[in-house]
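# Structural overview for review
If you want the building blocks of each chain, they are given just below.
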Amino acid sequence: MHDLLQEMGQTIVREESEEPGERSRLWDHEDVYDVLTKNKGTDAIEGIFLDLSKTKEIRLGFEAFENMSNLKWLKFYVPEHCDLSTMSFRVILDQVLKYLPAKLRYLHWHGYPLKTLPFYFEPEYLIELNLPYSKVQQIWEGEKEALNLKFVDLRNSQFLTRIPQPSEIPNLRKLDLRETAIENVPSLPELRYLHLGNCKMLQSLSELPLFLELLIASNCKRLQSLPKLPSWPQELDRSIMEILPVPLKQSSRVSTNFNFSNCLKLNENRNIKILADSKERMQDMIVQSLKLCQQVLWDSDEEFAHAVEVTLCLPGSEIPDWFIHRSLGSSITLGWQQQCSNIERNFIGFAFCVVIGEGEIGVLCRYRFKIRTRSETEHQLLFGPDVFIDSDHVILGFLPFWNLGLPDADRQRPGFVSFHFDIVDKITGFPVHHGLKSCGVCPVYLSPNKTKPNTCTLKFAATTKEECSHDKMPAGTSKPYTCVGRSDEGEPEPSSKRIRRDQVNAD
């Protein structure tokens, strides 16, 4: 159906004129070549789409787009299946490009050959800018306003050293700077996606935007410090608890993923601080994700909650001390009172942590709730670094309460919740029998704010000292060591030591 509609549309455009330069859209590589090399463009043209894998080398003059005042979409692209490196510079400019139409909304130029966009180009209407594998050093010279710009892709532009200031691109939501020479990135208030993978010159990051969902900074070998955390605890509106009973729509998902894999400079004289900060960093990530989830639900017409997933990957080899349930194995089982499913309580989920060894691997977390003699539910979550890691790494995450699908059973019947972590090969998806060194989990709950009614703060729980008498992992322990006794096989023995929302204490 898609091909048929496309063919019908192209037929309609061809009927607009016998001259390609007087049609509203150009996509045939021969027509594009003829119009651009012979300056046959007119103000009738609104879109140009050129597959660089189909055309020979094109040499453009500085006035190539001068007569196309209504051009809104310009796309010089390379299909994903082609060798990008051999086609990056098929469009050649003999002189500096002096003009791009002011009405451009979409500009995609693979292998853009100049250091900047034309000096007199005003990006007032520009919404998306893609210049992958380009020679740009900066997007434009001087200060300009691009208030509508939301998406920028500059990946593999190896000479790029700076991007516009936040005041120039205040509404930017997605920024891809992987494989560039960027040294620092300003804080962009509306940013949701930031890719900095393999930025070899990156040394520091500014304070992260409030609702950043994805940050990839893997293989940033010079990165020495993590972004600053807010200086005060983040608060939540207690109405967040209203989301918990809403049925979950699996296609709706709010995830926050910060990846600092292979950023080994973070560990030089800073490892203790990074581990100490991990608690506050996870707290901040979870709170922001919950706020975003709530906002998305309020702004949409859907009567479904949005799943929340939070992961943070850092170089390291130890489970942070604030994880009160820890194991040298791959499994942890906790006693569970069914009254925890009462949404009026303050328990909202579990934080988890694993230490993994080197390799191109992922981690599969299987978590299971079982209410004895009645029913059980099982769920799983796949997470992990996106690259080959060359040393031990710590991965922290959060599993929200309303994703767990607790079975409907008698509140008085005891049960348990078990976590099992598997290492899986990122290519085949099959489990491998090496790499996972230890794991930990910690209950998460909301604490009412006594000074501000209807607000609460997020806490990582600790059970009573009696329940956590085995708070530390003894040296040489070979079996999982948790607050509730458990070996790798079999179910836990009945125990009165249960996680209850009204029993968890703040740190």
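See above for the structure.
This report concerns the structure included in the present document. (Residues numbered from 1 in each chain as written. Predicted model: local features only at pLDDT ≥ 70, side-chain atom pairs only at ≥ 80, totals over all residues. Heavy atoms only, no water.)

Of the two faces of strand β6 (residues 106-109), the one carrying Tyr106 and His108 and the one carrying Leu107 and Trp109 are both buried. As defined by bridge partners, strand β4 (residues 73-77) adjoins β6 across four bridges and the pair is classed as parallel. Each residue of the ladder has a partner; that of Trp73, found in β6, is Tyr106. Of the strand pairs in this sheet, β6 and strand β7 (residues 128-130) are connected by three bridges, and their pairing is parallel. (Buried < 20%, exposed > 50% of the residue type's maximum accessible area, 1.4 Å probe, protein only. Helix = DSSP H or I, 4+ residues; strand = E, 2+ residues; numbered from the N terminus. Pairing = 2+ DSSP bridges.)

Counting 91 residues, the largest nonpolar core has Phe65, Trp109, Leu196 and Phe260 as its most contacted members. The dominant element in this core, judged by the number of residues it contributes, is helix α3 (residues 271-299), at five residues. Apart from the residues lying within four places of it in its own chain, the contact partners of Phe65 are Leu36, Leu60, Leu71, Leu74, Phe76, Leu97, Tyr99, Leu100, Pro101 and Trp109. Among the nonpolar cores identified, the runner-up in size contains 17 residues, and Leu334, Phe347, Val354 and Cys439 belong to it. (Core = buried A, V, L, I, M, F, W, Y, C linked by side-chain atoms within 4.5 Å. Contact = heavy atoms within 4.5 Å.)

Glancing now at the pattern of salt bridges. Counted according to the given criterion, the structure contains twelve salt bridges. Sharing partners across several salt bridges, the network here consists of Asp34, Lys38 and Lys40. (Salt bridge = Lys/Arg side-chain N within 4 Å of Asp/Glu carboxyl O.)

The backbone of Tyr133 sits at a positive phi, close to 55 degrees, despite the residue not being glycine. Residue classification places Tyr133 among the partly exposed residues on the basis of a relative accessible area of 21%.

Turning next to the packing of aromatic side chains. What the rule picks out here adds up to eight aromatic pairs. Between Trp109 and Tyr112, the ring centres sit 5.0 Å apart and the planes meet at 85 degrees, which makes this aromatic pair edge-to-face. On the basis of relative accessible area, Tyr112 is assigned to the buried category, the value being 0%. With centroids separated by 5.1 Å and ring planes inclined at 90 degrees, the aromatic side chains of Phe119 and Tyr120 adopt a geometry described as edge-to-face. Owing to a relative accessible area of 69%, Tyr120 belongs among the exposed residues under this scheme. Taken together, Phe65, Phe76, Trp109 and Tyr112 form an aromatic cluster joined through their ring pairs. (Phe/Tyr/Trp six-rings, centres within 6.5 Å; stacked < 30°, edge-to-face > 60°.)

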